[in-house]
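Secondary and tertiary structure notes
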Amino acid sequence: MTERKVYSKLGEALAKGEFILTGELEPEKTCDLSHTIQEAKDMAPYVIAANVTDSPLGIVTINSMAASHIIQKEANLEVIWQLTVRDVNKLGIAGMIMGGHALGLRNILSLTGDHTALGDMSESKPVFDLDSATLVKLVREMVDTGAINGHEIKHPPTLHVGAAANPNAEPMEAEILKIGRKAEAGCEFIQTQVVYDLDRTIEFLTEIKKYKVPLLLGIFPMKSYGMAKGFDTFVPGVSVPKNILAKWKGIKTDYSTDKKMQKEAYDQANYEFFKPFITELRKKNLLAGIHCMAVHYPRIFPKLMEIIKS
Amino acid sequence: MVVITTKKPTEEVIEALENYKIKKLAIVSCGTCAALCQTGGTEGAKEWNDLLIEKGYEITAVIVSEDVCDNRVMKKDLRKIDDEIQESDAILTASCGLGAQSIVKVLENKYPEKPVLVSNNTKFIGMTERIGRFYMRCRACGDCYLNYTGGICPIATCAKGLMNGPCGGMVDGKCEVGNYEKDCGWVLIFNRLKAIDRLDLFSRLRDARDWSESGHQQEVVFR
Ligand code: SF4
Ligand code: SF4
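None of these values were measured; they are calculated from a predicted model. (Residues numbered from 1 in each chain as written. Chains lettered and ligands numbered in written order. Predicted model: local features only at pLDDT ≥ 70, side-chain atom pairs only at ≥ 80, totals over all residues. Heavy atoms only, no water.)

Before going further, it helps to spend a moment on the overall build of chain A. Helix and strand counts for chain A come out as eleven helices and ten strands. Relative to the compact-globule value of 19 Å for 310 residues, chain A shows a C-alpha radius of gyration of 19 Å, a close match. Taken over the C-alpha atoms alone, chain A extends approximately 65 × 45 × 35 Å along its principal axes. Nonlocal contacts in chain A, meaning residues at least 24 apart in sequence, comprise 78% of its contacts between residues at least 6 apart. Here chain A has roughly 13700 Å² of accessible surface; of this, 54% comes from carbon and sulfur atoms. (Helix = DSSP H or I, 4+ residues; strand = E, 2+ residues; numbered from the N terminus. Rg over C-alpha atoms; globule rule 2.2 N^0.38 Å. Contact = heavy atoms within 4.5 Å. Areas by Shrake-Rupley, 256 points an atom, 1.4 Å probe, with all protein chains shown as cover.)

Next up, the structure:
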């Protein structure tokens, strides 16, 4: 293997093997990013970088390349630009990769994207010219060879590219082999879907270890019982364990009169659940870091840092 | 192989006839694919005939042709009702979109002024399970992958037509599109390749589709 080149803080930390934390930002259907920028500022002291989503669930939001650029500049936080293959063809995406670099973006997370049929503009044409693996391959071709289809790029982009994995997927073997393809395409890091099932996660991560791609585990600390319940109900394929739901419900009722105490109890409960979970996986040497997908919950980051540092 | 069609809403067809100010028309119905889909054939032709007469239209001729989409057959069949065509304001087809265009083509020199209208929506190239159950299993992509995907088409059975699935939208073998009721095409491919002991093919990283030839008008001309 050739020596790993470094284009971003994320790339540098991964190359050094530092255990890292990344966050997630979800710009909305708006042209004003001040809320997201504030959230980015709040998490900036803790995370090495934050993902900026690309119209999740097919619900249209401000363009993720523009949002990534603005957030990176205004909040002074490195971003991981989520780029789906849903809306733009290969030619358009190649242009965006150059454009993204020119705007200062240095990390891409390659995603398929939720189908247009699911969202609020279902009349749109679903493009899917590339898929998440061939997008990884395209980025690597442009970065490593400085050319597209053999045509030279005058000033080629320099970005890292990662991809997603889903430890909850069933059949798991199909998902594992798919990660193999992404690795072959040149994927430099993986962020997983949210997990709660430790045994399953261990099995999955142990299997994909052979592909030697640094892995950031997706977690979703739950800010409230409503959040936990909502996540359990509305996120397909991921269920929040019953004992967690019961515990969170208990916090909601026990501290209904004291919001401050309630917040502290939720934060503590998250700490108590995720600490052994993460520690166990780290002990087994399966993780390069944590990707925290809880949006609008920056208060949890100091607690997560405690877990990471311990 | 069948070109699968469904009927347009009657009002939409009537609106088109009114829009073209049609009073007299000939009906050409397909006796093959559209007959199977119950959007053409003898019954479809009779249905349109009765309905349009009831609505005050004059029907000059009704024919059921075995190959509306074949210019040669259409030329022959339309010649038989040439007088009726001549006095018609338009031709209504109970076939697929190919059938309608075949008629446009055949009549383009003799009757360039006659509109040819459609009564069906053409859906896809379908596989027949039984009458009334048709499934899109090929999108005629022009470069068949079936030898590498266990005989299951990734383009037609995957909602996103992905070359490297399954995507993150798969839950327990089902697809995110359509409320997790349809099978994920890539899980079908996985199961099939596993059954024939060719998961090596599943593991392979496939390139994106090459649209350079198929992204525009297509023809096969060999003589
Ligand atoms: S790959 Fe699918 S769409 Fe393409 S020709 Fe084969 S069956 Fe048809
Ligand atoms: S769930 Fe399966 S069939 Fe549906 S879009 Fe994803 S890969 Fe394709």
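Okay, helix α11 (residues 301-309) of chain A next. Residues and elements named next belong to chain A. Taken together, the buried positions of α11 are F301, L304, M305, I307 and I308. Down the axis of α11, the buried set is contained in an arc of 160°. They therefore lie on one face. Looking at the buried positions of α11, the neighbouring elements they touch are β1 (20-25), α2 (34-43), β9 (215-219), α10 (259-283) and β10 (289-292). (Buried < 20%, exposed > 50% of the residue type's maximum accessible area, 1.4 Å probe, protein only. Arc of directions from axis to C-beta.)

A separate point is the site of ligand 1. Taken together, the neighbourhood of ligand 1 is formed by C138(B), R139(B), A140(B), C141(B), C144(B), Y145(B), L146(B) and C153(B). Residue composition of the shell around ligand 1, grouped by class: seven nonpolar, no polar and one charged. (Near = heavy atom within 4 Å. Nonpolar A, V, L, I, M, F, W, Y, C, P; charged D, E, K, R; others polar.)

Let us now look at the site of ligand 2. Residues and elements named next belong to chain B. The full set of residues close to ligand 2 is T157, C158, A159, K160, P166, C167, G169, M170, C175, C184, G185 and W186. At a threshold of 2 Å from the grid points, most atoms of ligand 2 map onto the largest cavity. For the shell around ligand 2, the per-class residue count stands at eight nonpolar, three polar and one charged. (1 Å grid on protein atoms, 1.4 Å probe; cavity = no way out; pocket = protein on both sides within 12 Å on 5 of 7 lines; lining within 4 Å. Sits in = over half its atoms within 2 Å of the grid points.)

Another aspect to go through is the packing of aromatic side chains. All names here are of chain A. All told, the structure shown has eight aromatic pairs over all chains when counted by the stated rule. With 6.2 Å between their ring centres and 75° between their planes, Y196 and F231 make a pair best called edge-to-face. Of this pair, Y196 sits in the loop between β8 (189-194) and α7 (198-208) while F231 sits in helix α8 (residues 225-234), placing them 35 residues apart in sequence. The pair Y196 / F231 is uniform in exposure class, with both members buried. A ring pair is formed by F220 and F231, whose centres lie 4.2 Å apart and whose planes are at 20°; its orientation type is stacked. Separated by eleven residues along the polypeptide, F220 in the loop between β9 and α8 and F231 in helix α8 bring together distant segments of the chain. Among the residues examined, F220 registers a relative accessible area of 8% and is labelled buried. Here a set of aromatic residues connected by ring pairs shows up, and it is made of Y196, F220, F231, F273, F274 and F277. Here R282 stacks its cationic end above the ring of F19, 3.6 Å away from the centre of that ring. (Phe/Tyr/Trp six-rings, centres within 6.5 Å; stacked < 30°, edge-to-face > 60°. Lys NZ or Arg CZ within 6 Å of the ring centre and 35° of its normal.)

Okay, the sheet that holds strand β3 (residues 58-65) of chain B next. Residues and elements named next belong to chain B. The strand order across the open sheet built from four strands is β3-β2-β4-β5, with neighbouring strands paired in parallel fashion. The open sheet has two edge strands, β3 and β5 (116-118), and neither has a second partner. Geometrically, the sheet is characterised by an average inter-axis angle of 25° between neighbouring strands, direction not taken into account. Bridge count for strand β2 (residues 24-30) against strand β4 (residues 90-94) is five bridges, and the pairing is parallel. (Pairing = 2+ DSSP bridges. Axes fitted to C-alpha atoms, helices over the stretch in contact; angles between N-to-C directions.)

Each side of the interface is counted separately: chain A has 25 residues, and chain B has 30 residues. Summed over both partners, the interface of chain A with chain B comes to about 2300 Å²; 59% of that surface belongs to carbon and sulfur atoms. Among the residues chain A hides against chain B, the three largest losses belong to D131(A), L177(A) and R181(A). Together they make up 24% of the total. Across the chain A-chain B interface, the total number found is two salt bridges. Between K194(B) and E173(A) there is a salt bridge whose closest N-O contact spans 2.8 Å. At the junction of chain A with chain B, the criterion picks out 13 residue pairs in polar contact (both at pLDDT 80 or more). (Buried area = accessible area lost by both parts, 1.4 Å probe. Salt bridge = Lys/Arg side-chain N within 4 Å of Asp/Glu carboxyl O. Polar contact = N/O pair within 3.5 Å; in protein donor to acceptor, adjacent residues only side chain to side chain.)

Further remarks concern the side chain of E39(A). All names here are of chain A. Tracing the backbone shows E39 in helix α2. Here E39 sits buried without a salt bridge, and the closest side chain of opposite charge, K223, lies 7.9 Å off (N-O distance). Those residues in contact with E39 that lie beyond four places of it in its chain are L25, V295, H296, Y297 and P298. (Lys, Arg positive; Asp, Glu negative; His and termini not counted.)

This part covers the side chain of T60(B). Residues and elements named next belong to chain B. Mapped onto the secondary structure, T60 falls in strand β3. The exposure class of T60 is buried, given its relative accessible area of 16%. Engagement of the side chain of T60 in a polar contact is seen with the side chain of S88, the distance being 2.6 Å. In this view, T60 contacts K24, L25, A26, E84, E87 and S88; residues no more than four positions away in its chain are not counted.

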